[in-house]
Amino acid sequence: MLIVMKAGASPAQVRAICEHIERLGLRAHPIPGAQRTAIGITGNKGAIELSDLAGLDGVAEAIRVSKPYKLVSREVKPESTAFALGHAQLGGRELVLMAGPCAVETRDQVFRIAERVARAGAQALRGGAFKPRTSPYSFQGLEERGLEILAAAREAFGLAIVTEAIDHESLRLVAQYADMIQIGARNMQNFSLLRAAGRCAKPVLLKRGMAATLEEWLMSAEYLLSEGNYQVALCERGVRTFSDHSRNTLDLSVVPAVKELSHLPVIVDPSHGTGRRDRVLPLSRAAIAVGADGLIVEVHDEPERAFSDGLQSIYPEQLDQLSADLGKWAPLVGRGWRLTT
Ligand code: PEP
Ligand code: MN
(Lines give C-alpha, C1' and ligand atoms only; values in the text may rest on other atoms or scores of the structure.)
(Ligands and ions follow the chains in the order given, each with its own letter.)
Protein backbone atom coordinates (compact mmCIF):
# COMPACT_ATOMS: atom_id res chain seq x y z
CA MET A 1 0.00 0.00 0.00
CA LEU A 2 1.20 3.46 -0.91
CA ILE A 3 -0.10 6.85 0.13
CA VAL A 4 0.70 9.61 -2.34
CA MET A 5 0.57 13.03 -0.69
CA LYS A 6 -0.61 16.15 -2.54
CA ALA A 7 2.22 18.22 -4.06
CA GLY A 8 1.70 21.00 -1.53
CA ALA A 9 1.27 18.78 1.52
CA SER A 10 3.04 20.18 4.57
CA PRO A 11 5.56 18.24 6.69
CA ALA A 12 3.00 18.34 9.51
CA GLN A 13 0.41 16.65 7.27
CA VAL A 14 2.94 13.97 6.29
CA ARG A 15 3.74 13.43 9.96
CA ALA A 16 0.06 13.17 10.86
CA ILE A 17 -0.53 10.48 8.23
CA CYS A 18 2.53 8.53 9.42
CA GLU A 19 1.21 8.68 12.99
CA HIS A 20 -2.21 7.54 11.82
CA ILE A 21 -0.61 4.55 10.04
CA GLU A 22 1.48 3.65 13.11
CA ARG A 23 -1.66 3.83 15.30
CA LEU A 24 -3.17 1.14 13.07
CA GLY A 25 -0.23 -1.10 14.10
CA LEU A 26 1.50 -0.67 10.71
CA ARG A 27 4.84 0.81 9.71
CA ALA A 28 5.06 4.07 7.74
CA HIS A 29 7.99 4.79 5.40
CA PRO A 30 7.90 8.41 4.19
CA ILE A 31 9.68 8.69 0.83
CA PRO A 32 10.28 12.31 -0.22
CA GLY A 33 10.24 12.74 -4.00
CA ALA A 34 10.99 15.58 -6.40
CA GLN A 35 7.26 16.37 -6.90
CA ARG A 36 5.60 14.95 -3.83
CA THR A 37 6.07 12.77 -0.78
CA ALA A 38 4.89 9.18 -0.82
CA ILE A 39 4.39 7.02 2.25
CA GLY A 40 4.95 3.28 1.92
CA ILE A 41 3.03 1.08 4.35
CA THR A 42 4.37 -2.27 5.51
CA GLY A 43 3.47 -4.65 8.29
CA ASN A 44 -0.07 -5.36 7.13
CA LYS A 45 -1.11 -9.01 7.17
CA GLY A 46 -3.96 -8.54 4.73
CA ALA A 47 -5.40 -5.77 2.59
CA ILE A 48 -5.81 -2.37 4.23
CA GLU A 49 -9.09 -0.51 3.84
CA LEU A 50 -8.10 2.15 1.29
CA SER A 51 -10.94 4.50 2.08
CA ASP A 52 -9.70 4.85 5.69
CA LEU A 53 -6.61 6.65 4.46
CA ALA A 54 -7.62 8.19 1.15
CA GLY A 55 -9.82 10.81 2.78
CA LEU A 56 -7.23 12.17 5.23
CA ASP A 57 -5.80 15.69 5.07
CA GLY A 58 -3.10 16.21 2.42
CA VAL A 59 -3.58 12.78 0.78
CA ALA A 60 -3.83 12.78 -3.04
CA GLU A 61 -4.46 9.05 -3.41
CA ALA A 62 -4.01 5.67 -1.77
CA ILE A 63 -2.90 2.92 -4.13
CA ARG A 64 -2.24 -0.78 -3.84
CA VAL A 65 1.26 -1.88 -4.84
CA SER A 66 0.96 -4.78 -7.22
CA LYS A 67 4.46 -6.25 -6.69
CA PRO A 68 5.39 -8.48 -3.72
CA TYR A 69 8.26 -6.11 -2.97
CA LYS A 70 7.14 -2.60 -2.17
CA LEU A 71 9.71 -0.20 -0.78
CA VAL A 72 12.32 -1.17 -3.39
CA SER A 73 9.91 -0.76 -6.29
CA ARG A 74 9.62 2.11 -8.73
CA GLU A 75 5.87 2.03 -8.21
CA VAL A 76 6.50 3.38 -4.73
CA LYS A 77 9.43 5.64 -5.64
CA PRO A 78 9.73 6.59 -9.32
CA GLU A 79 12.96 8.59 -8.83
CA SER A 80 16.24 6.68 -8.77
CA THR A 81 17.86 6.48 -5.36
CA ALA A 82 21.24 8.10 -4.73
CA PHE A 83 23.14 8.29 -1.47
CA ALA A 84 26.58 9.29 -0.19
CA LEU A 85 29.43 6.83 -0.07
CA GLY A 86 32.38 8.66 1.49
CA HIS A 87 32.85 11.73 -0.71
CA ALA A 88 31.03 10.12 -3.65
CA GLN A 89 27.35 9.80 -4.57
CA LEU A 90 26.23 6.30 -5.44
CA GLY A 91 23.32 6.23 -7.90
CA GLY A 92 23.83 9.79 -9.15
CA ARG A 93 25.09 10.85 -12.56
CA GLU A 94 28.71 10.05 -11.68
CA LEU A 95 29.88 6.46 -11.94
CA VAL A 96 31.44 4.92 -8.84
CA LEU A 97 34.44 2.59 -8.82
CA MET A 98 35.15 0.32 -5.84
CA ALA A 99 38.42 -1.61 -6.03
CA GLY A 100 40.78 -3.57 -3.84
CA PRO A 101 41.95 -7.02 -2.91
CA CYS A 102 39.58 -9.91 -2.31
CA ALA A 103 40.90 -10.21 1.23
CA VAL A 104 42.81 -8.05 3.67
CA GLU A 105 46.05 -10.03 4.05
CA THR A 106 48.54 -7.67 5.70
CA ARG A 107 48.75 -3.95 6.46
CA ASP A 108 51.49 -3.60 3.87
CA GLN A 109 49.48 -5.35 1.18
CA VAL A 110 46.39 -3.19 1.81
CA PHE A 111 48.39 0.05 1.87
CA ARG A 112 50.28 -0.79 -1.34
CA ILE A 113 47.05 -1.62 -3.15
CA ALA A 114 45.01 1.22 -1.62
CA GLU A 115 47.61 3.71 -2.82
CA ARG A 116 47.11 2.43 -6.37
CA VAL A 117 43.32 2.34 -5.98
CA ALA A 118 43.28 5.99 -4.87
CA ARG A 119 45.71 7.01 -7.60
CA ALA A 120 43.52 5.36 -10.23
CA GLY A 121 40.64 7.57 -9.11
CA ALA A 122 38.43 4.97 -7.44
CA GLN A 123 36.20 6.29 -4.67
CA ALA A 124 36.08 3.17 -2.50
CA LEU A 125 38.44 0.47 -1.27
CA ARG A 126 37.05 -3.05 -1.07
CA GLY A 127 38.58 -5.93 0.89
CA GLY A 128 37.25 -8.71 3.08
CA ALA A 129 38.24 -9.02 6.72
CA PHE A 130 35.70 -11.82 7.19
CA LYS A 131 35.80 -14.23 4.26
CA PRO A 132 33.05 -16.73 3.45
CA ARG A 133 35.17 -19.61 2.15
CA THR A 134 34.04 -22.86 0.57
CA SER A 135 36.62 -24.79 2.57
CA PRO A 136 36.92 -24.44 6.36
CA TYR A 137 40.70 -24.87 5.88
CA SER A 138 41.07 -21.83 3.60
CA PHE A 139 42.07 -18.40 4.89
CA GLN A 140 39.09 -16.98 6.76
CA GLY A 141 40.22 -13.36 7.10
CA LEU A 142 41.99 -11.19 9.67
CA GLU A 143 38.70 -10.27 11.34
CA GLU A 144 38.83 -7.13 13.51
CA ARG A 145 42.53 -6.59 12.80
CA GLY A 146 41.58 -6.50 9.11
CA LEU A 147 38.94 -3.86 9.78
CA GLU A 148 41.52 -1.75 11.64
CA ILE A 149 43.82 -1.95 8.63
CA LEU A 150 41.00 -0.86 6.31
CA ALA A 151 40.13 2.05 8.61
CA ALA A 152 43.78 3.13 8.61
CA ALA A 153 43.82 2.98 4.80
CA ARG A 154 40.70 5.16 4.71
CA GLU A 155 42.54 7.78 6.77
CA ALA A 156 45.67 7.55 4.65
CA PHE A 157 44.07 7.62 1.20
CA GLY A 158 40.62 9.18 1.64
CA LEU A 159 38.81 6.13 0.29
CA ALA A 160 35.45 4.86 1.51
CA ILE A 161 35.61 1.30 2.86
CA VAL A 162 33.39 -1.52 1.56
CA THR A 163 33.74 -4.79 3.45
CA GLU A 164 31.70 -7.90 4.07
CA ALA A 165 29.76 -9.02 7.15
CA ILE A 166 29.17 -12.77 7.20
CA ASP A 167 27.13 -13.16 10.38
CA HIS A 168 25.71 -11.17 13.29
CA GLU A 169 29.00 -10.99 15.17
CA SER A 170 30.96 -9.67 12.21
CA LEU A 171 28.11 -7.30 11.29
CA ARG A 172 28.44 -5.55 14.65
CA LEU A 173 32.13 -4.89 13.94
CA VAL A 174 31.80 -4.15 10.23
CA ALA A 175 29.08 -1.57 10.96
CA GLN A 176 31.51 0.25 13.26
CA TYR A 177 34.42 0.42 10.83
CA ALA A 178 32.99 0.34 7.29
CA ASP A 179 31.39 3.01 5.12
CA MET A 180 29.39 0.33 3.32
CA ILE A 181 28.45 -3.14 4.55
CA GLN A 182 28.69 -5.89 1.95
CA ILE A 183 26.26 -8.80 2.23
CA GLY A 184 27.75 -11.56 0.10
CA ALA A 185 26.12 -13.85 -2.42
CA ARG A 186 26.04 -16.75 0.04
CA ASN A 187 24.12 -14.66 2.57
CA MET A 188 21.65 -13.01 0.23
CA GLN A 189 18.82 -14.98 1.80
CA ASN A 190 20.10 -14.94 5.37
CA PHE A 191 17.00 -13.09 6.47
CA SER A 192 18.00 -12.52 10.08
CA LEU A 193 21.31 -11.00 8.91
CA LEU A 194 19.40 -8.83 6.43
CA ARG A 195 17.08 -7.60 9.17
CA ALA A 196 20.06 -6.75 11.36
CA ALA A 197 21.82 -4.93 8.49
CA GLY A 198 18.56 -3.09 7.87
CA ARG A 199 18.86 -1.65 11.37
CA CYS A 200 22.42 -0.38 10.78
CA ALA A 201 22.96 3.27 9.89
CA LYS A 202 25.42 2.39 7.09
CA PRO A 203 24.79 1.80 3.36
CA VAL A 204 24.56 -1.85 2.28
CA LEU A 205 25.86 -3.51 -0.89
CA LEU A 206 23.61 -6.51 -1.43
CA LYS A 207 25.16 -9.09 -3.73
CA ARG A 208 22.92 -11.33 -5.78
CA GLY A 209 22.82 -14.94 -4.65
CA MET A 210 24.43 -17.28 -7.15
CA ALA A 211 21.10 -18.93 -7.96
CA ALA A 212 18.75 -16.08 -7.08
CA THR A 213 16.01 -14.84 -9.36
CA LEU A 214 15.51 -11.12 -9.77
CA GLU A 215 12.41 -11.27 -7.60
CA GLU A 216 14.23 -13.12 -4.79
CA TRP A 217 17.02 -10.58 -4.92
CA LEU A 218 14.60 -7.66 -4.69
CA MET A 219 12.74 -9.35 -1.84
CA SER A 220 16.05 -9.59 0.04
CA ALA A 221 16.60 -5.87 -0.53
CA GLU A 222 13.06 -5.32 0.75
CA TYR A 223 14.15 -6.84 4.10
CA LEU A 224 16.78 -4.10 4.41
CA LEU A 225 14.42 -1.26 3.51
CA SER A 226 11.59 -2.60 5.64
CA GLU A 227 13.85 -2.23 8.68
CA GLY A 228 14.47 1.41 7.81
CA ASN A 229 17.73 1.25 5.84
CA TYR A 230 17.09 2.93 2.48
CA GLN A 231 20.78 3.20 1.52
CA VAL A 232 20.98 -0.03 -0.42
CA ALA A 233 22.78 -0.82 -3.67
CA LEU A 234 22.32 -4.09 -5.55
CA CYS A 235 25.36 -5.93 -6.91
CA GLU A 236 25.24 -8.37 -9.82
CA ARG A 237 28.17 -10.77 -9.39
CA GLY A 238 27.35 -13.63 -11.72
CA VAL A 239 25.11 -16.65 -11.41
CA ARG A 240 25.68 -20.38 -11.81
CA THR A 241 24.95 -21.77 -15.26
CA PHE A 242 26.11 -24.69 -17.40
CA SER A 243 28.68 -22.42 -18.99
CA ASP A 244 32.18 -23.77 -18.34
CA HIS A 245 34.39 -21.03 -19.74
CA SER A 246 34.07 -18.76 -16.72
CA ARG A 247 33.60 -19.11 -12.96
CA ASN A 248 30.09 -17.65 -13.11
CA THR A 249 27.91 -16.14 -15.81
CA LEU A 250 27.71 -12.39 -15.39
CA ASP A 251 24.03 -11.67 -15.97
CA LEU A 252 24.25 -8.20 -17.47
CA SER A 253 20.73 -8.42 -18.81
CA VAL A 254 19.55 -8.14 -15.22
CA VAL A 255 20.81 -4.55 -14.99
CA PRO A 256 18.12 -2.91 -17.18
CA ALA A 257 15.58 -5.33 -15.68
CA VAL A 258 16.39 -4.14 -12.14
CA LYS A 259 16.41 -0.53 -13.28
CA GLU A 260 12.90 -0.90 -14.63
CA LEU A 261 11.50 -2.48 -11.47
CA SER A 262 13.51 -0.78 -8.75
CA HIS A 263 14.89 2.66 -7.91
CA LEU A 264 17.97 1.23 -6.18
CA PRO A 265 21.46 1.75 -7.67
CA VAL A 266 23.10 -1.24 -9.36
CA ILE A 267 26.78 -2.14 -9.14
CA VAL A 268 28.39 -4.82 -11.31
CA ASP A 269 31.19 -7.13 -10.11
CA PRO A 270 32.97 -8.47 -13.21
CA SER A 271 35.65 -10.13 -11.04
CA HIS A 272 33.46 -12.74 -9.35
CA GLY A 273 31.19 -12.63 -12.39
CA THR A 274 33.88 -14.12 -14.62
CA GLY A 275 36.65 -15.40 -12.35
CA ARG A 276 39.20 -14.33 -14.97
CA ARG A 277 41.47 -11.30 -14.93
CA ASP A 278 41.40 -10.94 -18.73
CA ARG A 279 37.59 -10.64 -18.75
CA VAL A 280 37.31 -7.87 -16.18
CA LEU A 281 37.83 -4.88 -18.47
CA PRO A 282 35.63 -6.09 -21.35
CA LEU A 283 32.77 -6.91 -18.97
CA SER A 284 33.23 -3.59 -17.16
CA ARG A 285 32.69 -1.83 -20.47
CA ALA A 286 29.56 -3.87 -21.07
CA ALA A 287 28.27 -3.18 -17.55
CA ILE A 288 28.53 0.57 -18.04
CA ALA A 289 26.87 0.24 -21.45
CA VAL A 290 23.81 -1.49 -19.96
CA GLY A 291 23.36 1.15 -17.27
CA ALA A 292 25.28 0.07 -14.16
CA ASP A 293 25.88 2.86 -11.65
CA GLY A 294 29.34 1.57 -10.85
CA LEU A 295 31.76 -1.31 -10.63
CA ILE A 296 33.40 -3.32 -7.88
CA VAL A 297 36.61 -5.02 -8.98
CA GLU A 298 39.34 -7.05 -7.31
CA VAL A 299 42.89 -5.71 -7.63
CA HIS A 300 46.15 -7.19 -6.38
CA ASP A 301 49.76 -6.20 -7.00
CA GLU A 302 50.93 -9.80 -6.51
CA PRO A 303 47.91 -11.83 -7.60
CA GLU A 304 49.92 -15.04 -7.86
CA ARG A 305 50.49 -14.76 -4.10
CA ALA A 306 46.96 -13.61 -3.16
CA PHE A 307 45.30 -15.56 -0.33
CA SER A 308 42.08 -15.70 -2.37
CA ASP A 309 40.76 -14.94 -5.86
CA GLY A 310 44.17 -14.20 -7.38
CA LEU A 311 43.13 -15.44 -10.83
CA GLN A 312 40.43 -12.82 -11.13
CA SER A 313 42.38 -9.95 -9.55
CA ILE A 314 43.57 -7.37 -12.05
CA TYR A 315 46.96 -5.67 -11.78
CA PRO A 316 47.11 -2.03 -10.66
CA GLU A 317 48.11 -1.05 -14.23
CA GLN A 318 44.88 -2.61 -15.49
CA LEU A 319 42.96 -0.58 -12.91
CA ASP A 320 44.59 2.57 -14.34
CA GLN A 321 43.44 1.43 -17.77
CA LEU A 322 39.91 0.78 -16.48
CA SER A 323 39.74 4.25 -14.98
CA ALA A 324 40.97 5.86 -18.20
CA ASP A 325 38.41 3.81 -20.13
CA LEU A 326 35.62 4.96 -17.80
CA GLY A 327 36.53 8.49 -18.80
CA LYS A 328 35.77 7.58 -22.42
CA TRP A 329 32.74 5.36 -21.84
CA ALA A 330 30.88 7.44 -19.25
CA PRO A 331 29.92 10.33 -21.60
CA LEU A 332 28.66 7.83 -24.19
CA VAL A 333 25.94 6.73 -21.77
CA GLY A 334 25.22 10.15 -20.29
CA ARG A 335 27.25 9.53 -17.17
CA GLY A 336 30.22 11.25 -15.60
CA TRP A 337 33.56 9.96 -14.41
CA ARG A 338 35.73 12.05 -12.15
CA LEU A 339 38.75 11.62 -14.41
CA THR A 340 36.88 12.12 -17.68
CA THR A 341 39.45 12.73 -20.40
C1 PEP B 1 33.89 -11.08 -2.40
O2 PEP B 1 33.45 -9.97 -2.69
O3 PEP B 1 35.11 -11.33 -2.24
C4 PEP B 1 32.93 -12.21 -2.34
C5 PEP B 1 33.14 -13.26 -1.56
O6 PEP B 1 31.87 -12.01 -3.15
P7 PEP B 1 30.57 -12.95 -3.46
O8 PEP B 1 29.75 -12.92 -2.21
O9 PEP B 1 29.94 -12.24 -4.61
O10 PEP B 1 31.08 -14.31 -3.80
MN1 MN C 1 36.71 -12.43 -3.82
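Residues numbered from 1 in each chain as written. Chains lettered and ligands numbered in written order. Predicted model: local features only at pLDDT ≥ 70, side-chain atom pairs only at ≥ 80, totals over all residues. Heavy atoms only, no water.

Novice: Tell me about the overall build of the chain, and please be specific about residues and values.
Specialist: Scanning the chain from N- to C-terminus turns up eleven helices and 14 strands. Along the first, second and third principal axes, the C-alpha atoms of the chain reach 65 × 45 × 45 Å. Counting all 341 residues of the chain, 55% fall into the buried class. At a minimum sequence separation of 6, the contacts of the chain that also span at least 24 residues come to 67%. Working note: accessible area of the chain is about 14200 Å², and carbon and sulfur atoms make up 52% of it. Computed over 40 positive and 39 negative side-chain charges, the inter-centroid distance for the chain is 1 Å. (Helix = DSSP H or I, 4+ residues; strand = E, 2+ residues; numbered from the N terminus. Buried < 20%, exposed > 50% of the residue type's maximum accessible area, 1.4 Å probe, protein only. Contact = heavy atoms within 4.5 Å. Areas by Shrake-Rupley, 256 points an atom, 1.4 Å probe, with all protein chains shown as cover. Lys, Arg positive; Asp, Glu negative; His and termini not counted. Charge placed at Lys NZ, Arg CZ, Asp CG, Glu CD.)

Novice: Kindly report on the sheet that holds strand β13 (residues 266–268), identifying the contributing residues and their values.
Specialist: Around the barrel, which closes on itself, the eight strands sit in the order β7-β8-β9-β10-β11-β12-β13-β14 with parallel pairing between neighbours. Neighbouring strand axes in the sheet, compared pairwise and without regard to direction, differ in orientation by 25° on average. Note: β13 against strand β14 (residues 294–298), two bridges, orientation parallel. Pairing of I267 across the sheet is with G294, part of β14. (Pairing = 2+ DSSP bridges. Axes fitted to C-alpha atoms, helices over the stretch in contact; angles between N-to-C directions.)

Novice: Can you lay out the sheet that holds strand β3 (residues 37–42) for me, pointing to particular residues and giving the numbers?
Specialist: Backbone-to-backbone hydrogen bonds pair the strands of a sheet. The strands run either parallel or antiparallel. Taken in spatial order, the four strands of this open sheet run β2-β3-β1-β4, and their pairing is antiparallel. A strand with exactly one partner marks an edge of an open sheet, and here the two such strands are β2 (27–32) and β4 (59–63). Across the sheet, the mean angle from the axis of one strand to that of its neighbour is 20°, orientation sign disregarded. Inspection of the sheet shows β2 paired to β3 by six bridges, in the antiparallel sense. Within the sheet, the bridge partner assigned to H29 lies in β3 and is G40. Contacting β1 (2–5), β2, β3 and β4, helix α1 (residues 11–23) crosses the sheet at an angle of about 155° to β2.

Novice: Help me get a handle on the site of ligand 1, residues and values and all.
Specialist: Near ligand 1 the following residues occur: C102, R126, K131, E164, Q182, G184, A185, R186, K207, R237, H272 and E298. The separation between an oxygen atom of ligand 1 and a polar side-chain atom of R126 is 2.8 Å. Here ligand 1, which alone exposes 300 Å², has 97% of that area covered by the protein. When grouped by side-chain class, the residues that make up the shell around ligand 1 number two nonpolar, three polar and seven charged. (Near = heavy atom within 4 Å. Polar contact = N/O pair within 3.5 Å; in protein donor to acceptor, adjacent residues only side chain to side chain. Nonpolar A, V, L, I, M, F, W, Y, C, P; charged D, E, K, R; others polar.)

Novice: Please provide a residue-by-residue account of the domain arrangement of the chain, values included.
Specialist: Looking at the chain, the domain boundaries give domain 1 (2–63) and domain 2 (83–333). The C-alpha-based centres of domain 1 and domain 2 are spaced at 35 Å. (Domains from an automatic or database assignment.)

Novice: How would you summarise the pairing of β3 if you had to cite specific residues and measurements?
Specialist: Of all the six residues making up β3, five are buried; the element is thus mostly covered by neighbouring parts of the structure. Bridge count for β1 against β3 is three bridges, and the pairing is antiparallel. Bridge pairing in β3 links V4 to A38.

Novice: Account for the coordination of the manganese ion (ligand 2), naming residues and giving values.
Specialist: Under perfect tetrahedral coordination by four donors, a metal shows angles of 109.5 degrees; under perfect octahedral coordination by six donors, it shows angles of 90 or 180 degrees. Within the protein, the manganese ion (ligand 2) binds to C102 (SG), H272 (NE2), E298 (OE) and D309 (OD); these donor distances fall in the range 2.0 to 2.4 Å. Given the relative accessible area of 3%, C102 is considered buried. (Donors = N, O, S within 2.8 Å, 3.2 Å for Na, K, Ca; no water.)

Novice: Any chance you could break down the pairing of strand β10 (residues 180–183) for me, citing the residues and the numbers?
Specialist: Burial along β10 is two-sided: the face carrying M180 and Q182 and the face carrying I181 and I183 are both buried. The parallel pair strand β9 (residues 160–164) and β10 is bridged by helix α5 (residues 168–177), and the resulting crossover is right-handed. Where β10 meets strand β11 (residues 204–207), three bridges bridge the pair, whose relative direction is parallel. Paired with I183 across the two strands is L206, which belongs to β11. Handedness of the β-α-β unit built from β10, helix α6 (residues 191–198) and β11 comes out right-handed. (Right-handed = clockwise from strand over helix to strand, strands pointing away.)

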